[in-house]
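Here is what each chain is made of, one letter per residue.
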Amino acid sequence: VGASAGGIQIRLYQQQHPREVAGLVFVDSAHEEMEWRDAAISTQFDPDWNNPAILQQNGFLADHQRLAWHADIPLIVLERAEKVPPSAFPNLTPQQIDAINAAWHDYQVDLASRSKYGQLRVVNGSGHRMHQQRPDAIADAIDDVVKQIRSASH
């Protein structure tokens, strides 16, 4: 289970140790391509969007690099239902905020598509702090992934 930037970490771990990971739950996860994609909307969103050291340290891909990872294991992506409000980024226009929210949704869709068993679940009543706002949704997703793993092993 990985939340936010932790989603990148669990994905990298699965890629490096595929026999140790039977399933994944991404909780409103960051995406490896998000720095350069968000910078195309506004470089003010993150001034370090193209800093190689920061990108590498956080698991992000450099400008226009694409995530190639695919793993056909049980995988559930939980996405927040609440969008980022314009007040969260006062330097961005409302149109840029809308574009950032749309891009975030696209990242969640992409992660869910990385497995033929992938599912995307939008979690009502949840923002980015899903672990505090809707821990039940995370527990349900974990339980569902475990059930999928167990049913596949019989």
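> Quick question: what am I supposed to make of the side chain of Glu35 here?
For Glu35, the position within the fold is in helix α2 (residues 34–41). There is no salt bridge for the buried Glu35, and the closest opposite charge comes from Arg37, which lies 12 Å off by N-O distance.

> Please explain the environment of Lys83 as it appears in this structure.
Mapped onto the elements of the fold, Lys83 is located in the loop between β3 (75–80) and α4 (94–112). Judged by its relative accessible area of 47%, Lys83 falls in the partly exposed class. A C-alpha to C-alpha distance of 26 Å links Lys83 and Ser115, two positions 32 residues apart in sequence.

> How should the sheet that holds strand β1 (residues 2–3) be read in this particular structure?
In sheet architecture, strand pairing relies on hydrogen bonds along the backbone and comes in two forms, parallel and antiparallel. Spatially, four strands are ordered β1-β2-β3-β4 in an open sheet, and the strand pairing comes out parallel. Both outer strands of the open sheet, β1 and β4 (118–123), are each paired with one neighbouring strand and no more. Pairing between strand β2 (residues 24–27) and β3: four bridges, direction parallel. By the bridge assignment, Leu24 is partnered in β3 with Leu75. Where α4 meets the sheet, its contacts fall on β2, β3 and β4, and the angle it forms with β3 comes to roughly 170°. Helix α6 (residues 135–152) rests against β2, β3 and β4 of the sheet, and its axis sits at about 165° to β3.

> Explain the pairing of β2 to me, please; I cannot follow it from the model alone.
Within a regular beta strand, the side chains point alternately toward one face of the sheet and then the other, so they alternate between its two faces. With burial as the criterion, each face of β2 is covered, one bearing Leu24 and Phe26 and the other bearing Val25 and Val27. Pairing geometry for β1 and β2, over two bridges, is parallel. Residue Gly2 lies in a different strand from β2, and its bridge partner there is Phe26. For the crossover from β1 across helix α1 (residues 6–16) to β2, the handedness is right-handed.

> Teacher, can you tell me more about the pairing of β3 here?
Counting buried positions along β3 yields six of six residues, so the element is predominantly enclosed. With burial as the criterion, each face of β3 is covered, one bearing Leu75, Val77 and Glu79 and the other bearing Ile76, Leu78 and Arg80. In terms of strand pairing, β3 meets β4 through six bridges, oriented parallel. Within β4, the residue paired with Arg80 across the bridge is Val123.

Each value, and the rule that gives it
Residues numbered from 1 in each chain as written. Predicted model: local features only at pLDDT ≥ 70, side-chain atom pairs only at ≥ 80, totals over all residues. Heavy atoms only, no water. Helix = DSSP H or I, 4+ residues; strand = E, 2+ residues; numbered from the N terminus. Buried < 20%, exposed > 50% of the residue type's maximum accessible area, 1.4 Å probe, protein only. Lys, Arg positive; Asp, Glu negative; His and termini not counted. Salt bridge = Lys/Arg side-chain N within 4 Å of Asp/Glu carboxyl O. Pairing = 2+ DSSP bridges. Contact = heavy atoms within 4.5 Å. Axes fitted to C-alpha atoms, helices over the stretch in contact; angles between N-to-C directions. Right-handed = clockwise from strand over helix to strand, strands pointing away.

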